[in-house]
Amino acid sequence: MGNDHSKRKDTSEKKSEGESACAKSSNPQNDAYFSRISDGKNEVSAEKLVRLFDQDLAESLLKYFTGSKHEKYVTREQFNRKFTPLYGTSTDIYVAMLEPVHHFIKVCSDSAGASAIQGDEHFIKILVEKMTSGKTGVEAVESMLSWRRDNCIKFPQAVQNRIVSAVTGNKIPNPDYSSDILTPLQMYYLQSALPNFFFPAKPSETPGGGHWTPLYTSLQHGISTNRFETLVFDYRGPTVTIFRLKDERVVALASDQEWRHSGSRFGGPFTSFFEILPQLRRIDEPNSIYCNLKLRSCSFGISFKNELKIGKDFDEILDIEVWGCAGAGTLADQQKLKNWQKQQAEKHKKVPLPGNWDDNPDKTLLEMAGFQFSNERAAMEMEAKKKEQDKSQSEKSASEK
C-alpha cells in the first residue's frame, strides 16, 4: 500500500510538472493572435486561412503548422508551438516553408502585390536558375538560402509582412512597384535586393518601407541630358536609375551619393549595378560611377566600371527613369536649391557692367576681332539708369513736401 501511494504521488507530481511546463511554453501574445484569426475558437479552419491568405499561402501555412497541406484545421496548440519563428528577424524559415522555387517566387510576389505578368517568363526562368543553381530538393533549398543572403535579402519579406498584418491587425503597407521600364515582379526583385538605406521610413512606417519619388522618366520628359541634369542633379540623397538600352539589356544603377559632373568616379559602400535582362547579375562596388556631361577637360559620358558605358548624348538609351530614395524632404530641398539658382542667375544677368560699355576698350578690341554685340546690354543699362533717376526724383519730391 505504501508503494502504491508512492507511485500515485510520483505520477501526480509528473503530471503537475508536465502541465506546468506546457503552461510555461504557451506564449500569451501568440494565444491572443490565434484568438483573433480563429474568432476565439480553439482551431482555425483551412477555409478561413484561404480567405485570409489565398490558396497558395494558406496551403503552405497548413503544411507548416500541421505537417500536411490537406489538414482541415490548425489547432491553438499547433499555432502556439510554431508561430514565433514566422515573426522573427530572420526570414530564412520562409524559404523552406515555401519551396519548391516556383511556388516560393509566386507566393512572395503575390504577397507584395507584384504578381508576374505576361512577358515575365524569361525573367522567372533566369531567377529560378540563379536561386537554385540547377539543384533540386534539399540542395535547392540550401542554394536558395545562400542566394537570398548574398543577393536579395528581403525577397520573402512581403510574405512575413502579410502574415504578421493578418494575425496582429497592424497594417504594413507594401512599397510601390510601378515602373515605366520594369514589370512589378522585376521592380520587386530590385527593391528586395537593396538595403534599407534606400528606403527611409516615416515615423509611422516599418524600417525599409518608404516609397520612392520619381525624379525623371523619358516617357514623360524625353531622352535629354539637359532634362536629366535639371531634374536629377542636386538631389542630395540616394537614387536608383533604370536604363533600357539599345543592346537589349535592362540595367539599374543604385547610387548612395548624389549625381554630379566629375572627372573622377564616385559612389559609397551601397553603390550597386544590376543587370536584370537578359541575364541576372549584381555587382557591388564603391567609387565605380562616372558621370560627366559638361566638363570639357574630362571624358564625357556615364559609366559603371566596364559594365555600362553611355555617351554624353544618351544615344545608347531607349528608356531611362530615375527614382529618388531619400523621402519628400530631400525633393523639397532640391526644389529650393533650383529656385535659388534660378534667382541668382536672373540677378546676375541683370547686373550692369561698371562704366559705360560703349566706351569700354575691351568692347572695341572684341569688335575688331569680329565679335558683334546686340543693344541688349545698352538697353538694360538705360533701363537701370532711368530707374535710378526716377527714384532720385521721387525722393526729392517727397523731401520738398
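Procedures and definitions
Residues numbered from 1 in each chain as written. Predicted model: local features only at pLDDT ≥ 70, side-chain atom pairs only at ≥ 80, totals over all residues. Heavy atoms only, no water. Helix = DSSP H or I, 4+ residues; strand = E, 2+ residues; numbered from the N terminus. Buried < 20%, exposed > 50% of the residue type's maximum accessible area, 1.4 Å probe, protein only. Contact = heavy atoms within 4.5 Å. Axes fitted to C-alpha atoms, helices over the stretch in contact; angles between N-to-C directions. Left-handed = near helix turned anticlockwise from the far one by under 90°. Nonpolar A, V, L, I, M, F, W, Y, C, P; charged D, E, K, R; others polar. Phe/Tyr/Trp six-rings, centres within 6.5 Å; stacked < 30°, edge-to-face > 60°. Pairing = 2+ DSSP bridges. 1 Å grid on protein atoms, 1.4 Å probe; cavity = no way out; pocket = protein on both sides within 12 Å on 5 of 7 lines; lining within 4 Å. Points joined across faces, edges and corners; volume = space filled by probe spheres on them. Arc of directions from axis to C-beta.

- With an unreviewed UniProt entry as reference, the chain is termed TLDc domain-containing protein, source organism Caenorhabditis brenneri.

1. A closer look at the overall build of the chain
Moving on, step 1. When you go through the chain residue by residue, the secondary structure sums to 16 helices and 11 strands.
Moving on, step 2. Put simply, the chain has 401 residues, and 42% of those count as buried.
Moving on, step 3. In the chain, the share of contacts with a sequence separation of at least 24, taken over all contacts with a separation of at least 6, comes to 65%.

2. Regarding the packing of helix α7 (residues 101-112) against helix α8 (residues 121-132)
Moving on, step 1. Interaxial distance between α7 and α8 falls to 10 Å at its minimum, and their mutual angle equals 115°. The two elements α7 and α8 meet at a crossing, and its hand is right-handed. Across the interface between the two elements, V101, H102, F104 and I105 of α7 pack against I124, L127, V128, M131 and T132 of α8.
Moving on, step 2. Taken together, the residues that form the contact of α7 with α8 break down as 7 nonpolar, 2 polar and no charged.

3. Details of the packing of aromatic side chains
Two descriptors summarise a pair of aromatic rings, namely the distance from one centre to the other and the angle between the planes of the rings.
Moving on, step 1. Summed over all chains, the structure comprises 23 aromatic pairs.
Moving on, step 2. With centroids separated by 5.4 Å and ring planes inclined at 90°, the aromatic side chains of Y177 and Y188 adopt a geometry described as edge-to-face. Here the residue Y177 occupies a position in the loop between α10 (157-168) and α11 (184-193), and Y188 occupies one in helix α11, the gap between them amounting to 11 residues. Y188 carries the same exposure label as Y177, and that label is buried.

4. What about the sheet that holds strand β8 (residues 289-292)?
Moving on, step 1. Strand order in the open sheet formed by 3 strands is β8-β9-β10, and the pairing between neighbours is antiparallel. Pairing within the sheet leaves two strands with one partner each, and these edge strands are β8 and β10 (308-310). The sheet shows a mean angle of 0° between the axes of neighbouring strands, direction not considered.
Moving on, step 2. In terms of strand pairing, β8 meets strand β9 (residues 301-304) through 4 bridges, oriented antiparallel. Paired with I289 across the bridge in β9 is F304.

5. Quick word on the layout of surface pockets
Moving on, step 1. In this structure, the second largest pocket occupies an estimated 260 Å³ of space.
Moving on, step 2. Those elements that provide at least two residues to the lining of the second largest pocket are α4 (55-66) and α6 (92-98).
Moving on, step 3. Examining the composition of the lining of the second largest pocket, we find that 5 residues originate from one element, α4, more than from any other.
Moving on, step 4. Its residues placed into classes, the lining of the second largest pocket shows 6 nonpolar, 2 polar and 5 charged.

6. Concerning helix α3 (residues 46-53)
Moving on, step 1. Looking at α3, one finds that the buried residues are A46, K48, L49 and F53. Each buried residue of α3 lies within a common arc of 155° when the element is viewed along its axis, so the set occupies one face. Along α3, exposed side chains directed more than 90 degrees from the buried face belong to E47 and R51.
Moving on, step 2. Contact partners of the buried residues in α3: α2 (28-38), β1 (43-45), α4, β2 (73-75) and α10.
Moving on, step 3. In the stretch just after α3, D54 is the one whose phi turns positive, near 75°.

7. A look at the sheet that holds strand β4 (residues 239-245)
Moving on, step 1. One open sheet accounts for 6 strands, arranged β3-β11-β4-β5-β6-β7; its pairing is antiparallel. Single-partner strands in this sheet number two, and they are β3 (213-217) and β7 (281-284). When the angles between neighbouring strand axes are averaged without regard to direction, this sheet yields 15°.
Moving on, step 2. Bridge analysis of β3 against strand β11 (residues 317-324) gives 4 bridges, and the strand direction is antiparallel. Note that in β11 the partner of P214 across the bridge is W323.
Moving on, step 3. Across the face of the sheet, α11 comes into contact with β4, β5 (250-255), β6 (272-277), β7 and β11 while running at roughly 160° to β6.
Moving on, step 4. Its contacts with the sheet place helix α13 (residues 225-232) against β3 and β11, and it is angled at close to 160° to β3.

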